[in-house]
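Coordinate inspection notes
So the chains spell out like this:
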Amino acid sequence: MSTDAQQQERGGGPDAAQEWRRWHEGRVAAVAAPYGPLSLTGTHWLSDYPEGRLPAVPGHWREDGEAVVLTAAPQDGVAVDGTPLTGEVRLGADRGPIDDSRLTAGKRRLVVLRREGLWAVRDFDPDAPARHAFSTIEATPYDPRWRVPGTFRPYGDDRTVRVANADGVERGLGLGGELAFTVDGQQHTLQVAVEPDGSLWAVFADATSGNGSYRFRFLRPGAPDGEGRVEVDLNRALLPPCAFADHFICPFPPPGNTLTAAVAAGERNRVDT
C-alpha cells in the first residue's frame, strides 16, 4: 500500500492536511482580530468594587438581583446599542460575539459576565498591547496518527466537579460523560462537557504541558452519532483563551484529564514578535 493510501486509511492525505492548514490560519486570524482574546484588558468583578467604580471602565456599576445597573453621564462616553447613555440601563449577561456587545466606550467593548451568581465586566480594547505584540500560534503540522475514532459514554446524570481556574479561584465544571479513544495502541479517557449543540468539550493536559506546550489545552470534538461514535482529532487541540490574555478564567483540567502520553499535536504556544 502506498504512503498516500495509508494516510487516507488513517484520516490523512493532502486534503486533510490542507483542511488543517485552513483551520490553523483561521484560528490565527480569529485570535488577532480586533475583539479577539488578545484584546481583553480586564475582567472586573463587581463584588470587588462595592463603590461601583471599576478600574479604567467608565460609569457607575451595581448589582441588582438578576441584572447589572449601569449609570453613566455624557462625559463617560458610554453607548448602549449605539446610542449615548445618559442615566441608567439594566443589563443582563452578554452571550453573543464580543463585537456585537451592547455596550461601547469608543473603540472598546464592555461585556457583562456572570459566573456562579457573581457579576463582572470585561473590557475588550483593540489597542491592547498584547494584540499588537502577537505574531502567530505555534502549532505542530497535521499528522494523521493523531486523528482517531472515539466513543462517547454519557453519564446517567450531569456531574459538576470543582476545579481551579486560571485566576486562582475554584469553580464548578459541568461534565456530561467520558470520551474514550486509542492512539498508538494506548487507550485514553477524557471527561467531557456536552455543549448545547451536542458537541463535546474537554480540558486536558499531557506530557508536553509546560514542556513544549502550554500548561493545558482544549479539545472540541463534534457531536457523537446515535451510537456514541465521534472523531477525535488532536491535531486541533486548542490553546485556551487564558494563553492569550491573563484576564480569562479558564478552568484547569479536572481529575483524570492529564494524559500520560505526549500529545505532540495541535496548538502548542502563543508566539509574540
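Check the entry above for the structure.
Everything in this summary refers to the structure shown in the same document. (Residues numbered from 1 in each chain as written. Predicted model: local features only at pLDDT ≥ 70, side-chain atom pairs only at ≥ 80, totals over all residues. Heavy atoms only, no water.)

1. Some remarks on the sheet that holds strand β3 (residues 67–72)
Read from one edge of the open sheet, three strands run β2-β3-β6, paired in antiparallel fashion. At either end of the open sheet lies a strand with only one pairing partner, and these are β2 (60–64) and β6 (87–91). For this sheet, the mean inter-axis angle between neighbouring strands, taken without regard to orientation, is 25°. With five bridges joining them, β2 and β3 adopt antiparallel strand pairing. The residue bridging Arg62 from the neighbouring strand is Val69, located in β3. (Pairing = 2+ DSSP bridges. Helix = DSSP H or I, 4+ residues; strand = E, 2+ residues; numbered from the N terminus. Axes fitted to C-alpha atoms, helices over the stretch in contact; angles between N-to-C directions.)

2. Notes on the sheet that holds strand β8 (residues 108–115)
A sheet is described by the order of its strands in space; here six strands give the open sequence β1-β9-β8-β7-β4-β5, paired in antiparallel fashion. Unpaired on one side and paired on the other, β1 (40–45) and β5 (83–84) mark the two borders of the sheet. Two elements, β1 and strand β9 (residues 118–124), share five bridges in a ladder whose sense is antiparallel. Residue pairing in the sheet places Gly42 in a bridge with Asp123 of β9.

3. So, the nonpolar core
Generally speaking, nonpolar side chains in soluble globular proteins are found buried as a group. Core analysis: the biggest nonpolar cluster contains 33 residues, and Phe134, Ile137, Phe216, Phe218, Phe244 and Phe248 have the highest contact counts within it. Elements with a contribution of two residues or more to this core: α2 (14–32), β10 (134–140), β11 (147–164), β12 (170–183) and β14 (200–204). Ranked by residue count, the leading element in this core is α2, at six residues. Leaving out residues up to four positions away in the same chain, Phe216 has contacts with Val203, Phe204, Ala205, Ser209, Pro240, Cys242, Cys250, Pro251, Phe252 and Pro253. Core analysis: the next-biggest nonpolar cluster, separate from the first, contains 19 residues, Trp146, Leu234, Ala237 and Val263 among them. (Core = buried A, V, L, I, M, F, W, Y, C linked by side-chain atoms within 4.5 Å. Buried < 20%, exposed > 50% of the residue type's maximum accessible area, 1.4 Å probe, protein only. Contact = heavy atoms within 4.5 Å.)

4. Overview of the pattern of salt bridges
For the structure shown, the criterion picks out 20 salt bridges. The residue Asp64 makes a salt bridge to Arg90 at a minimum N-O spacing of 2.5 Å. In this pair, Asp64 sits in strand β2 while Arg90 sits in strand β6, placing the two residues 26 residues apart along the sequence. You can call Arg90 partly exposed: its relative accessible area is 47%. Linking Asp184 and Arg145 is a salt bridge whose minimum nitrogen-to-oxygen distance equals 2.0 Å. Here the residue Asp184 occupies a position in the loop between β12 and β13 (186–194), and Arg145 occupies one in the loop between β10 and β11, the gap between them amounting to 39 residues. (Salt bridge = Lys/Arg side-chain N within 4 Å of Asp/Glu carboxyl O.)

5. A short note on the environment of Asp272
Examined against the element boundaries, Asp272 turns out to sit in strand β17 (residues 266–272). In sequence terms Asp272 and Gly87 are 185 residues apart; their C-alpha atoms lie 42 Å from each other. In this structure Asp272 touches Ala133, Phe134 and Ser135, once residues within four positions along its chain are discounted. A polar atom in the side chain of Asp272 sits 2.9 Å from the side chain of Arg270. (Polar contact = N/O pair within 3.5 Å; in protein donor to acceptor, adjacent residues only side chain to side chain.)

6. Points about the environment of Cys242
Note that Cys242 resides in the loop between β16 (229–233) and β17. For Cys242, a relative accessible area of 5% corresponds to the buried category. For the pair formed by Cys242 and Ala166, sequence separation is 76 residues and the distance between their alpha carbons is 7.1 Å. Residues in contact with Cys242, not counting those within four places in the same chain, are Ala166, Tyr214, Phe216, Phe248 and Cys250.

7. A closer look at the side chain of Thr140
Relative to the elements of secondary structure, Thr140 occurs in strand β10. Exposure remark for Thr140: the relative accessible area of 19% places this residue in the buried category. Here the side chain of Thr140 touches Arg268 through a polar contact of 2.8 Å, side chain to side chain. Residues within four places of Thr140 in sequence aside, it is in contact with Trp20, Ala264, Ala265, Gly266 and Arg268.

8. Overview of the packing of aromatic side chains
The relation between two aromatic rings is expressed through the spacing of the ring centres and the mutual angle of the planes. One pass over the structure, following the stated rule, counts six aromatic pairs. With a centroid separation of 6.1 Å and an interplanar angle of 45°, the aromatic rings of Trp20 and Trp23 are classed as tilted. Highlighted residues: Trp20 and Trp23, both in helix α2, separated by three residues, approximately one helical turn. In terms of burial, Trp20 and Trp23 fall into one category: buried. (Phe/Tyr/Trp six-rings, centres within 6.5 Å; stacked < 30°, edge-to-face > 60°.)

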